[in-house]
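# Overview (structure and organization)
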Amino acid sequence: MSSRIQVLIPSSLLLLILAYMSVFYVREHEKAILFRLGEMVSADYKPGLHFKTPIINNVSTFDARVLTLDAKSERFLTSEKKNVIVDSFAKWRIGDVGLFYTTVGGDEFQANLRLDQIMKDAMRSEFGVRTIKQLISEDRSELRNTLLQKLAPTAAKFGIDLIDIRVKRIDLPPEVSSSVYQRMRAERERVAREFRSQGAESAEQISAEADKQRQVIVANAQRDAENIRGRGDAGSAEIYAKSFGRNPEFYAFYRSLQAYQTSFEKTQDTLVLKPDSDFFKYFSSEK
């Protein structure tokens with residue numbers, strides 16, 4: 001009895017080991033390839049539990065999540081034959097795992113090398129037909145879409161689904177930066193001179209209009225003042241005429257007093273007059 005138990009225990013253990021070796025599990029973020037004696041048999045496994053033949057079959061799994069290729073800075077020539085330094089990256093994932101295995105050996109590093117090379121070739125072509133101004137100022141979505149259209153079919157040949165390509169940064173080499181800066185400075189100075197010229201012209205126009213308005217206002221004011229002064233003088237003359245007409249003798253006496261006051265204010269002046277002149281009319285004792 002004991003010998004039978006000893007025989008059954010190793011047999012049960014062997015069966016458990018064989019059962020364990022006959023099962024493999026594919027996770028949601030993985031793709032799997034089934035090999036038979038080193039030859040690829042199947043690569044279309046969905047996530048879940050699957051079976052295989054022990055010893056004869058083995059399974060390799062690959063990460064099916066989105067991966068990032070952070071490309072190194074690269075120099076490209078623009079249509080102006082100017083160098084620009086470009087930083088870019090790409091987002092990709094394994095599409096056809098069987099093709100991915102046969103072309104790059106299922107190696108993520110090798111896949112990045114291939115993808116990096118075809119990215120640089122496509123970007124070199126696209127940058128070569130654009131100017132620096134277009135690359136810096138225009139919307140980069142157009143460049144992105146063009147690169148995706150060109151690279152997606154090529155990447156698919158390696159079993160890669162290309163999701164996105166982005167240009168992170170475009171820098172100019174020091175020698176190009178200096179020339180571009182000088183051009184930009186000259187352009188800004190030209191615009192500034194144009195603005196200053198327009199401002200000076202506007203200032204002259206405003207000043208001329210202000211002078212014209214001032215002259216008109218002053219002329220109108222002088223005209224109104226003359227009119228008011230004329231009416232005042234006329235009113236004054238009329239009042240004086242009415243007042244002096246009432247007593248001409250008193251008016252003559254009053255005017256003589258004013259003349260005396262004005263004549264004798266300055267002691268250094270000398271007057272040579274006859275005693276019987278009309279000037280001394282009111283100094284007479286008879287008066």
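Note that this is a predicted model, so its numbers are computed, not measured.

## Some details on unusual backbone geometry
- With a phi angle near 65 degrees, Lys-81 is a residue other than glycine that sits in the positive phi range.
- Within the secondary structure layout, Lys-81 lies in the loop between strand 7 (74-77) and strand 8 (83-94).
- With relative accessibility at 65%, the residue Lys-81 sits in the exposed group.

## A closer look at helix 5 (residues 141-156)
- In a regular helix each residue adds 1.5 Å, so 16 residues correspond to 22 Å; helix 5 covers 22 Å between its end C-alpha atoms and thus fits that length.
- At Lys-150, helix 5 shows its strongest bend, of approximately 30 degrees, with the proline Pro-153 following within four residues.
- Structurally, helix 5 contributes buried residues whose contacts are with helix 3 (108-127) and strand 9 (160-171).

## Some points on the packing of helix 3 against helix 5
- Contact pair helix 3 / helix 5: the axes reach a minimum separation of 10 Å and the direction vectors enclose 140 degrees. As summarised for this structure, helix 3 and helix 5 are arranged oblique, according to the angle between their axes. For the pair helix 3 and helix 5, the crossing hand works out as right-handed. Across the interface between the two elements, Leu-115, Ile-118, Met-119, Ala-122, Met-123, Ser-125, Glu-126 and Phe-127 of helix 3 pack against Leu-143, Thr-146, Leu-147, Lys-150, Leu-151, Thr-154 and Ala-155 of helix 5.

## Things to note about helix 3
- In this model helix 3 runs 28 Å from its N-terminal to its C-terminal C-alpha over 20 residues, within 8% of the 28 Å that 1.5 Å per residue would give.
- Restricting attention to buried positions, one finds in helix 3 the residues Ala-111, Asn-112, Leu-115, Asp-116, Ile-118, Met-119, Lys-120, Ala-122, Met-123, Glu-126 and Phe-127.
- Between a side-chain oxygen at the N-terminus of helix 3 and the backbone nitrogen of Phe-109 the separation is 3.0 Å; the capping residue is Asp-107.

## A look at the nonpolar core
- Ranked by size, the top nonpolar core spans 34 residues in total, and within it Val-86, Trp-92, Leu-115, Met-123, Phe-127, Leu-162 and Ile-165 carry the most contacts.
- Of all the secondary-structure elements, those providing two or more residues to this core are strand 2 (30-36), strand 6 (67-70), strand 8, helix 2 (97-104), helix 3, helix 4 (132-137), helix 5 and strand 9.
- Broken down by element, the residue count for this core peaks at seven residues, all from helix 3.
- Not counting residues up to four positions away in its chain, the partners in contact with Val-86 are Lys-72, Ser-73, Glu-74, Phe-76, Met-123, Phe-127, Val-167, Arg-169 and Ile-170.
- By size, the runner-up hydrophobic cluster in this structure holds five residues, among which are Phe-24, Ala-32, Leu-34 and Tyr-45.

## Brief notes about the sheet that holds strand 2
- Sheet architecture is open: three strands sit in the order 3-2-5, paired in antiparallel fashion. Of all the strands in the sheet, the pair left with one neighbour each is strand 3 (39-42) and strand 5 (57-63). Strand-to-strand, the axes of this sheet are offset by a mean angle of 40 degrees, without reference to chain direction.
- Two elements, strand 2 and strand 5, share seven bridges in a ladder whose sense is antiparallel. Looking at strand 5, one finds that Arg-36 is bridged to Asn-57.

## Quick look at a nonpolar patch on the surface
- Taken together, the side chains of Tyr-25, Leu-49 and Phe-51 present a nonpolar region at the surface, about 380 Å² in accessible area.
- Within the secondary structure layout, Phe-51 lies in strand 4 (residues 48-51).
- When its relative accessible area of 61% is taken as the criterion, Phe-51 is described as exposed.

## Things to note about the pairing of strand 2
- The buried fraction of strand 2 amounts to five of the seven residues, a majority that puts the element mostly inside the structure.
- Bridge count between strand 2 and strand 3: three bridges; the pairing is antiparallel. What sits directly across from Phe-35, in strand 3, is Met-40.
- A loop of two residues connects strand 2 with strand 3, the two strands running antiparallel in sequence, and Leu-37 in this loop sits at a positive phi of about 55 degrees.

What counts and what doesn't
- Residues numbered from 1 in each chain as written.
- Predicted model: local features only at pLDDT ≥ 70, side-chain atom pairs only at ≥ 80, totals over all residues.
- Heavy atoms only, no water.
- Helix = DSSP H or I, 4+ residues; strand = E, 2+ residues; numbered from the N terminus.
- Buried < 20%, exposed > 50% of the residue type's maximum accessible area, 1.4 Å probe, protein only.
- Expected span 1.5 Å × (residues − 1).
- Bend = angle between axes of the 7 residues up to and from the residue.
- Contact = heavy atoms within 4.5 Å.
- Axes fitted to C-alpha atoms, helices over the stretch in contact; angles between N-to-C directions.
- Parallel < 35°, antiparallel > 145°, perpendicular 65-115°, else oblique.
- Left-handed = near helix turned anticlockwise from the far one by under 90°.
- Polar contact = N/O pair within 3.5 Å; in protein donor to acceptor, adjacent residues only side chain to side chain.
- Core = buried A, V, L, I, M, F, W, Y, C linked by side-chain atoms within 4.5 Å.
- Pairing = 2+ DSSP bridges.
- Patch = residues over 30% accessible without salt bridge, like charges linked within 9 Å, V, L, I, M, F, W, Y side chains within 5 Å.
- Areas by Shrake-Rupley, 256 points an atom, 1.4 Å probe, with all protein chains shown as cover.
- Salt bridge = Lys/Arg side-chain N within 4 Å of Asp/Glu carboxyl O.

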